[in-house]
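# Examination of the molecular architecture
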Amino acid sequence: MKAVSLGKQKKKSLPWRIVSGLANTALLIILALFVYLFLAFPMQMKGHSMEPAVAEKSLLLLNKIQYRFVSPKQFDIIAFQIKDSDELQIKRIIACPGDRINIKEGMIYINGTLCEQANEYSKDLIYAGTASDELTVGENEYFVLGDNAVYSEDSRSEDIGMVSKDQIVGKVWFGRVISFIPSFIENWIDRKQQNELY
């Protein structure tokens with residue numbers, strides 16, 4: 001029986017290692033493209049309305065498929081399209097379909113009960129707006145607020161009002177503050193956001 005040297009074995013396995021590495025790389029690229037095209041897309045936070053949970057210039061990843069299978073939940077942070085506009089907003093869901101919401105003396109009441117967790121998220125609620133009188137959230141609608149209420153235009157405003165499920169683009173998965181984003185990347189993210197609206 002003829003012996004085979006270890007050196008020859010290594011040389012013989014090198015092409016297979018290259019092919020295997022290329023196959024794994026291709027698989028990762030395909031997986032990343034699938035996530036990008038069908039499951040999630042990037043978005044940059046503009047403004048201070050969701051601080052401290054989401055800081056200005058945070059680079060966010062939105063899950064745009066989850067709400068096809070499950071309904072949005074109270075306290076989810078979502079991105080939604082403003083009615084008759086090409087603008088996306090990021091806010092937190094405070095009240096869900098069937099809930100009654102009222103803002104009195106800067107405090108949030110859900111179904112007649114003081115909602116401690118909602119008040120932890122949304123502070124400095126000087127302006128009650130549409131919720132100064134008790135409102136009932138309609139079917140497939142959501143009442144949203146910005147965590148930094150002083151700087152937030154949200155469901156308290158008649159211009160935004162209740163957010164329908166059809167307006168919701170996705171759920172915020174996570175975000176990270178990027179102190180500097182090259183202009184070409186920022187422009188690409190802006191174009192991607194616009195494409196999601198049409």
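Along each chain, residues carry numbers from 1 onward, in the same order as the chain's sequence is written. Local features in this predicted model are restricted to residues of pLDDT 70 or higher, and side-chain atom pairs are both shown and tallied only at a pLDDT of 80 or more, whereas totals for entire chains, interfaces and linings draw on every residue. The side-chain numbers reported here are obtained from all heavy atoms of the structure, hydrogens and water having been left aside.

### Let's talk about a negative patch on the surface
Stated precisely, the cut-off is as follows: Patch definition: residues with relative accessible area over 30% and no salt bridge; like charges joined within 9 Å; nonpolar side chains (Val, Leu, Ile, Met, Phe, Trp, Tyr) joined within 5 Å. Accessible surface is estimated by sampling points in the Shrake-Rupley manner with a 1.4 Å probe; for residues, cover comes only from the protein chains shown. For this document, the term salt bridge refers to a Lys or Arg side-chain nitrogen within 4 Å of an Asp or Glu carboxyl oxygen. Charge assignment in this entry is limited to Lys and Arg as positive and Asp and Glu as negative, and neither His nor the chain termini are counted. Lys charges are placed at NZ, Arg charges at CZ, Asp charges at CG and Glu charges at CD. Helix numbers and strand numbers start at the N terminus; a helix is a DSSP run of H or I with at least 4 residues, a strand a run of E with at least 2. Here's how the labels work: a residue is buried when its accessible area is under 20% of the maximum for its type, exposed when over 50%, partly exposed in between, all with a 1.4 Å probe on protein chains only.
Together, Asp-86, Glu-87, Glu-153, Glu-158 and Asp-159 make up a negatively charged patch on the protein surface. Within the secondary structure, Glu-87 sits in the loop between strand S3 (77–81) and strand S4 (88–95). Glu-87 gets classed as partly exposed once you look at its relative accessible area, which sits at 39%.

### Topic: the sheet that holds strand S5 (residues 100–104)
Rules: For two strands to be treated as a pair, DSSP must find at least two bridges joining them.
Pairing within the open sheet is antiparallel, and its four strands lie in the order S7-S6-S5-S8. Strands at the two margins of the open sheet, each flanked by one partner only, are strand S7 (113–114) and strand S8 (135–136). Direction of pairing for strand S6 (residues 107–110) relative to S7: antiparallel, over a ladder of two bridges. Bridge assignment links Tyr-109 to a residue of S7, and that residue is Leu-114.

### A closer look at the nonpolar core
Side chains that are nonpolar tend, in soluble globular proteins, to be buried together. We apply this condition: We define the nonpolar core as a collection of buried residues of types Ala, Val, Leu, Ile, Met, Phe, Trp, Tyr and Cys that are connected through side-chain atoms lying within 4.5 Å of one another. Contacts were defined at the residue level, with two residues in contact if any of their heavy atoms lie within 4.5 Å.
Within the largest apolar cluster, 17 residues are counted, with the highest numbers of intra-cluster contacts made by Ile-94, Ile-101, Ile-108, Ile-110 and Phe-143. Contributing elements (two or more residues each) for this core: S4, S5, S6 and strand S9 (141–145). For Ile-108, the residues in contact, after removing those within four places along its chain, are Ile-94, Ile-101, Asn-102, Ile-103, Thr-113, Leu-114, Cys-115, Ala-118, Asn-119, Ser-122, Leu-125 and Leu-145. In this structure, Met-43, Val-54, Leu-60 and Leu-88 belong to the second largest nonpolar core, which totals 13 residues.

### A short note on the environment of Asp-147
What counts, and what does not: We define a polar contact as two N or O atoms separated by no more than 3.5 Å, with the added condition that, inside protein, one atom must be a possible hydrogen donor and the other a possible acceptor, whereas residues neighbouring each other in sequence contribute only through side-chain atom pairs.
Within the secondary structure layout, Asp-147 lies in the loop between S9 and strand S10 (163–164). Separated by 95 residues in the primary sequence, Asp-147 and Pro-52 place their C-alpha atoms 7.4 Å from one another. Only 2.8 Å separates the side chain of Asp-147 from the side chain of Arg-92, close enough to count as a polar contact.

### Here's the deal with the pairing of S3
Most of S3 sits inside the fold, with four of its five residues counted as buried. Two elements, S3 and S4, share five bridges in a ladder whose sense is antiparallel. In the sheet register, Gln-81 faces S4, and the bridge partner there is Leu-88. Counting the residues that bridge the hairpin from S3 to S4 gives six residues, and of these Asp-84 lies at a positive phi of roughly 55 degrees.

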